[in-house]
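In case you want the letters, here they are:
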Amino acid sequence: MKINKVVCICFSPTGGSRKVALAVAEGLAERAACTVETLDATRAALPAESFGADVAAVVAVPVYGDAAAPIALERLAALRAQGAPALAVVTYGNRSFGHAALDLTQALTAQGFDVVGAGAFVGEHSYSSSATPIAPGRPDRADLAQARSWGNDACRRLLEGRAVAVDATLLPHPADAPEALRGFAEFVAGYARRQQEHSVRIAATADADRCTGCGACAEACPVGAIPAGEPATTLAESCIKCAACVKVCPAGARRIDTPFAPVLARHFGRPKPNVVLPAPAGTAPYVPFEK
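Residues numbered from 1 in each chain as written. Predicted model: local features only at pLDDT ≥ 70, side-chain atom pairs only at ≥ 80, totals over all residues. Heavy atoms only, no water.

Chemist: Can you help me understand the environment of Gly117 in this one?
Modeler: With respect to the helices, strands and loops of the structure, Gly117 is situated in strand β8 (residues 114–122). C-alpha of Gly117 to C-alpha of Trp150: the two residues are 33 residues apart in sequence and 9.3 Å apart in space. The contacts of Gly117, once residues within four sequence positions are left out, are Ala86, Leu87, Ala88, Trp150, Val166, Leu277 and Pro278. (Helix = DSSP H or I, 4+ residues; strand = E, 2+ residues; numbered from the N terminus. Contact = heavy atoms within 4.5 Å.)

Here is the structure:
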């Protein structure tokens, strides 16, 4: 088959999903000797557009909980394809990507894409900070090199006519130590009980004394949860806890206070590998947990 264009499609509040998607797309385009077009749904829903079979798509969204971010799927919903091959990519904060890859694969298939690859890449968790580091700095250079290589290999399969639809349920999940899983499960159960007694909404907040009023946070927020002209304010009911405002604040005035951060940092500090299907020839699909 002939690939005339690669389209990089993403929802990426803090940039991790975009970086991975671009790396994969560049790997595809390099092999196909074509250009890359980027469609970014972070700020608004993408308009209706249709892709033919000569366009290869790389679609990347973050994981929320164990699912593909619902708002991301909503903002990509107008896209359609007539058999355009696609690689479905989810980025997660080093805990679990759950059924997110399956969510994205099913959504793209329903929109007419032919999903011929699925991957889960680690990105710095939204709750990560210097005090509670959770996959800090990821995706790093090695992650992006792997993403590019996978895209290149996927394109080779397409050009050779060997690409086939993938079953995202077979994407392997890097294992955790049993004690980590138990510890996190116990915390979640206790948190659920406390929420039943006294519900508390987690949202980004700002230190008004440190806020300089630059407005970078409001510009970065993908859902308009920070009113224009009121950068020290957050509409908690709208906040999706992506931490985009926290990452861009030059004064360090923004934060997300959550009891999950120290628990995640304690139980999921061991760096996890990225996993992809199909795995490039000669490589293992994932690295299992080793005590």
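There is more to say, and it comes next.
Chemist: Help me understand the packing of aromatic side chains in this model?
Modeler: By convention here, two paired aromatic rings are described through the distance between centres and the angle between planes. All told, the structure shown has nine aromatic pairs when counted by the stated rule. Taken together, the aromatic side chains of Phe184, Phe187, Tyr191, Phe260 and Phe268 make up a single cluster linked through ring pairs. (Phe/Tyr/Trp six-rings, centres within 6.5 Å; stacked < 30°, edge-to-face > 60°.)

Chemist: Which parts of the structure should I look at to understand the pattern of salt bridges?
Modeler: Where charged atoms of side chains with opposite charge meet at close range, the side chains can pair. Scanning the entire structure with this criterion turns up 13 salt bridges. In this structure, the salt-bridge partner of Glu30 is Arg148, at a minimum N-O distance of 3.9 Å. Of the two residues, Glu30 sits in helix α1 (residues 16–32) while Arg148 sits in helix α4 (residues 141–159), which places them 118 residues apart along the sequence. Between Arg138 and Asp143 there is a salt bridge, with its nearest N and O atoms 2.9 Å apart. Taken individually, Arg138 and Asp143 each receive the classification buried, so the pair is uniform in this respect. Each of Asp153, Arg156, Arg157, Glu160 and Arg162 takes part in one network of salt bridges that share partners. (Salt bridge = Lys/Arg side-chain N within 4 Å of Asp/Glu carboxyl O. Buried < 20%, exposed > 50% of the residue type's maximum accessible area, 1.4 Å probe, protein only.)

Chemist: Looking at this structure, I do not really get the nonpolar core. What am I missing?
Modeler: Most often, soluble globular proteins keep nonpolar side chains buried together rather than apart. The biggest cluster of nonpolar side chains holds 44 residues, and the ones touching the most others in it are Ile9, Phe51, Leu76, Val90, Phe97 and Phe113. If you list the elements that add at least two residues to this core, you get β1 (5–10), β4 (55–64), α2 (70–75), β6 (79–81), β7 (85–92), α3 (100–110), β8 and β11 (275–277). Here this core gets five residues from one element, more than from any other, and that element is β4. Apart from residues lying up to four places away in sequence, Phe51 is in contact with Val7, Ile9, Leu39, Leu79, Arg80, Ala81, Gln82, Ala84 and Phe113. Residues Ile3, Val58, Phe121 and Cys155 belong to the second largest nonpolar core, which totals 25 residues. (Core = buried A, V, L, I, M, F, W, Y, C linked by side-chain atoms within 4.5 Å.)

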